[in-house]
Amino acid sequence: MSNFITCINEDNDDNILIGTPNGLFSISKHNFILNFIGLHQQKIESILTDSKKKTWVGVNGKIYLLNNKNGKVTPDSIHFYKCQTTSKPKPIDKIFESY
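Overview of the structure.

Definitions and cut-offs
Residues numbered from 1 in each chain as written. Predicted model: local features only at pLDDT ≥ 70, side-chain atom pairs only at ≥ 80, totals over all residues. Heavy atoms only, no water. Pairing = 2+ DSSP bridges. Helix = DSSP H or I, 4+ residues; strand = E, 2+ residues; numbered from the N terminus. Axes fitted to C-alpha atoms, helices over the stretch in contact; angles between N-to-C directions. Buried < 20%, exposed > 50% of the residue type's maximum accessible area, 1.4 Å probe, protein only. Contact = heavy atoms within 4.5 Å. Core = buried A, V, L, I, M, F, W, Y, C linked by side-chain atoms within 4.5 Å.

Next up on the list: the sheet that holds strand 4 (residues 34–38). Spatial strand order, 1-2-3-4: 4 strands in an open sheet with antiparallel pairing. Either end of the sheet is taken by a strand with one partner, and the two such strands are strand 1 (7–10) and strand 4. Here the strands of the sheet are splayed against their neighbours by 25° on average, with no regard to which way each runs.

It is worth spelling out the pairing of strand 6 (residues 55–59) at this point. Strand 6 sits mainly inside the fold: 5 of its 5 residues count as buried. Of the two faces of strand 6, the one lined by Thr55, Val57 and Val59 and the one lined by Trp56 and Gly58 are each fully buried. Here strand 5 (residues 46–49) folds back onto strand 6 in antiparallel fashion, the turn holding 5 residues, of which Lys53 has a positive phi close to 65°. The antiparallel pairing of strand 6 with strand 7 (residues 62–67) creates a hairpin that spans 2 residues between the two strands, and Asn60 there sits at a positive phi of about 50°.

The next subject is the side chain of Ser26. By the element assignment, Ser26 lies in strand 3 (residues 23–28). In contact with Ser26, other than residues within four places in its own chain, are Ile16, Leu17, Ile33, Leu34, Asn35 and Ile37.

Before going further, it helps to spend a moment on the nonpolar core. With 11 residues, the main nonpolar core is built from Cys7, Leu17, Leu24, Ile37, Leu39, Ile44, Ile47, Val57, Val59, Tyr64 and Leu66. For this core, the elements supplying multiple residues, two or more each, are strand 6 and strand 7. Apart from the residues lying within four places of it in its own chain, the contact partners of Ile44 are Thr6, Cys7, Gly19, Thr20, Gly23, Leu24, Leu39, Val57, Gly58 and Val59. Among the nonpolar cores identified, the runner-up in size contains 6 residues, and Leu48, Trp56, Leu65 and Ile95 belong to it.

Pairing between strand 6 and strand 7: 4 bridges, direction antiparallel. For Val57, the partnering residue across the bridge sits in strand 7 and is Tyr64.

That is the geometry; function is a separate question.
Set out below in structure tokens:
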């Protein structure tokens, strides 16, 4: 894990999700064990756990949906949001839920 934290979020299962320049990690509030979740060597730009207990992760112009069954970010559950008008992706600095 990188010593640099880019973002942090608490999910609905009492885990602290930590975004770093090297991927996504979690720490359980019950046993304080650090786990690698996914997106190896990707800079995590933002994290949101919504009211439906879905966790969204912003990385390099894309939004990933965390697979809540096994705690991994999987290519099967990728949702893309194109925010760029040029070939260079813009960062996803924030993810918001609409009510």
